[in-house]
Amino acid sequence: MVRCGSCRRERVVKISYHLSDFKHLYYWCPFCRKNTYHEIVERIAP
Ligand SMILES: [Zn+2]
């Protein structure tokens with residue numbers, strides 16, 4: 001699960017395992033309708 005750093009909404013996304021090594025992702029947010037930094041709040045097992 002990731003949390004948008006802009007609107008703070010959390011949502012489930014499918015993250016490949018190598019990306020889960022990062023604490024932040026630059027990702028598309030459908031609520032902000034733009035790419036924002038997302039904080040990974042829970043690791044998803046591969
Ligand atoms: Zn957002």
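Now for a look at the structure at hand. The model shown is predicted, which means the values in this text are computed figures rather than measured ones. (Residues numbered from 1 in each chain as written. Predicted model: local features only at pLDDT ≥ 70, side-chain atom pairs only at ≥ 80, totals over all residues.)

A few words on the overall build of the chain. Tallying secondary structure elements over the chain gives zero helices and four strands in all. Mapped in sequence order, the helices and strands of the chain form the string β-β-β-β. Buried residues in the chain amount to 4% of all 46 residues. (Helix = DSSP H or I, 4+ residues; strand = E, 2+ residues; numbered from the N terminus. Buried ≥ 20, exposed ≤ 12 C-beta atoms within 10 Å, placed from the backbone.)

So, on to the environment of cysteine 4. Mapped onto the elements, cysteine 4 comes out in strand β1 (residues 2-4). With residues near it in sequence (within four places) discarded, cysteine 4 still touches Arg9, Cys29, Phe31, Cys32, Thr36 and His38. (Contact = placed C-beta atoms within 7 Å.)

Right, let's get into the sheet that holds strand β3 (residues 24-29). Ordered in space as β2-β1-β4-β3, the four strands form an open sheet in which the pairing is antiparallel. Whereas interior strands pair on both sides, the edge strands pair on one side only; in this sheet they are β2 (10-11) and β3. Strand direction decides the pairing type here: β3 and strand β4 (residues 34-40), joined by six bridges, are antiparallel. Its bridge partner being in β4, tryptophan 28 is matched across the sheet by asparagine 35. (Pairing = 2+ DSSP bridges.)

Our next topic: unusual backbone geometry. For arginine 8, which is not a glycine, the phi torsion comes out positive at approximately 70°. Secondary-structure assignment places arginine 8 in the loop between β1 and β2.

Another aspect to go through is the pairing of β4. Where β1 and β4 come together, three bridges link them in antiparallel fashion. In the strand pairing of β4, arginine 3 is matched with glutamate 39.

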